[in-house]
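Structure assessment
For reference, the chains in residue letters:
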Amino acid sequence: MLPQEVVDFFSTYQDLLWLVTVAIDLAITLLLYRLFGKMGLYSIVILNIMLSNLQGPKITVIFGMETSLGLILYSGIYFATDLLSENYGRREANRAVQLGFATSVIMVIMVSISLLFLPSSLPETKDFAERVHYAIENLFDFTPLFVFGSLFVYLVSQSFDVWVFHYVKEKTKGKHLWLRNNVSTIMSQSVDTVLYALIVWAPVVGLEKAIYLSLAKYFFKVVIAILDTPFIYWARSWNVVGKDWHDASESHHHHDSESKKKSDT
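In this report, the structure presented in the accompanying data block is examined. (Residues numbered from 1 in each chain as written. Predicted model: local features only at pLDDT ≥ 70, side-chain atom pairs only at ≥ 80, totals over all residues. Heavy atoms only, no water.)

**Describing the overall build of the chain**
The test is simple: Going along the chain from the N terminus, every DSSP run of H or I of four or more residues is numbered as a helix, and every run of E of two or more is numbered as a strand. The contact criterion used throughout is that any non-hydrogen atoms of two residues lie within 4.5 Å. All accessibility values rest on the Shrake-Rupley procedure with a 1.4 Å probe; residue burial counts only the protein chains present in the view. Charge counting follows a simple rule: Lys and Arg are positive, Asp and Glu are negative, and His as well as the terminal groups are ignored. One atom stands in for each charge, and that atom is NZ of Lys, CZ of Arg, CG of Asp or CD of Glu.
What the chain contains, in helices and strands, is eleven helices and two strands. Walking the chain from its N terminus toward its C terminus, one meets helices and strands in the order α-α-α-β-β-α-α-α-α-α-α-α-α. In the chain, 76% of the contacts between residues at least 6 apart in sequence involve partners at least 24 apart. Approximately 14,700 Å² of the chain is accessible, and the part contributed by carbon and sulfur atoms is 68%. Each charge sign in the chain was given a centre, from 21 positive and 24 negative side chains, and these centres are 11 Å apart.

**Observations concerning the packing of helix α3 (residues 38-55) against helix α5 (residues 90-114)**
Note the following rule: All axes here are fitted lines through C-alpha atoms, helices being fitted over the stretch that makes contact, and every angle between N-to-C directions spans 0 to 180 degrees. An angle below 35 degrees is read as roughly parallel, one above 145 as roughly antiparallel, one from 65 to 115 as roughly perpendicular, and any other as oblique. Two helices that cross are described as forming a left-handed crossing if the nearer one is turned anticlockwise from the farther one by less than a right angle, and a right-handed crossing if clockwise. Three categories are distinguished: nonpolar for Ala, Val, Leu, Ile, Met, Phe, Trp, Tyr, Cys and Pro, charged for Asp, Glu, Lys and Arg, and polar for the others, with Gly belonging to the last.
At a minimum axis separation of 9 Å, α3 and α5 run at an interaxial angle of 40°. When the axes of α3 and α5 are compared, the pair comes out oblique. The two elements α3 and α5 meet at a crossing, and its hand is right-handed. On α5, the residues touching Lys38, Tyr42, Val45, Ile46, Ile49, Met50 and Asn53 of α3 are Glu92, Arg95, Ala96, Leu99, Gly100, Thr103, Ser104 and Met107. Each residue belonging to the contact of α3 with α5 can be placed in one class, and the counts come to eight nonpolar, four polar and three charged.

**Quick word on the pairing of strand β1 (residues 59-62)**
How we decide: Partly exposed describes any residue whose relative accessible area lies between the buried limit of under 20% and the exposed limit of over 50%, with all areas from a 1.4 Å probe on protein chains only and scaled to the type maximum. A pair of strands is labelled paired if DSSP reports no fewer than 2 bridges between them.
Burial along β1 is one-sided: the residues Thr60 and Ile62 are buried and none of Ile59 and Val61 is. Across four bridges, β1 lies against strand β2 (residues 65-68) in antiparallel orientation. Bridging across to β2, isoleucine 59 finds its partner in serine 68. Taking the residues between adjacent antiparallel strands as the criterion, β1 and β2 are bridged by two residues, where phenylalanine 63 takes a positive phi near 50°.

Here's what the structure looks like:
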C-alpha cells in the first residue's frame, strides 16, 4: 500500500514511526472534533477502541522496550473523553465510553458469525477465498477471556477516567485543566494496566511477562498523556457549536422560544 521507500525508511526508524503514529492519531482526533464537534469525538472513541483491539496482540519494540502496538490508539481514547468531559460534561464522556464498549461487543459477535461461513470452494476463487478466511480467522483467533477481558478493562478504566477528571475539576473549581487531564489519565491508565496484566496478558504469556509488557505500556501511556496536554487547551478554545448538529438545533429552538416569550410579555 505504501511506497517501498517509506516502508524501508520506517523499518529502520521504528521509534520515529511510533512518534509519527501518535501525532497522526492526535491530529485525526482534533480534525474530527473541529469538523463534527462532539460527534467527531464519539467517532474517534469508537474507531480507536476497535482498532486498538485489532492491534492489541501485535507486539513490537519501541525505544528498546517490548510493548503492544494497540496502546497508541487506545491512549488516544483518553484524550477524546477528557475533551468531551471538559467541553460537554460527564454525561457525554460516559456516553462515548458506553458507545465504544457496545460497538466492540457487536464487532466481536458479527465477526465470529462471519467465520462460520466456509470459504468458497469454486476453482476460480478457492485459493483467494481460503487465504482471506484464514487471515481473518487468525486475526480474530482470541480466547473469550482475551476479548471480554479487554472490554471489561476498557469499560472500568475509561469510566474511572471520567470520574477522576470531574472529581479534580470540582475540587479545583474548574481551574488547572492540565492537572485534571494528566491526573485522570495517569490514574485510570494505572488501573487499566494492572487489570489488563492480570486478566488478559497473564493467562496468555505468564505473570512475569505480563508485568513486563504492562509496565512498558504504562510508560508510553504516560508519555502520550503529557504530550496531548497542550492540545486539549487548544481544542477547548474552539467554538464548534455549529458543528454539533443536534445541539445547535436545540439551541436555536431554545432561542426562538425565549424570544417568543419576551414578545408575548
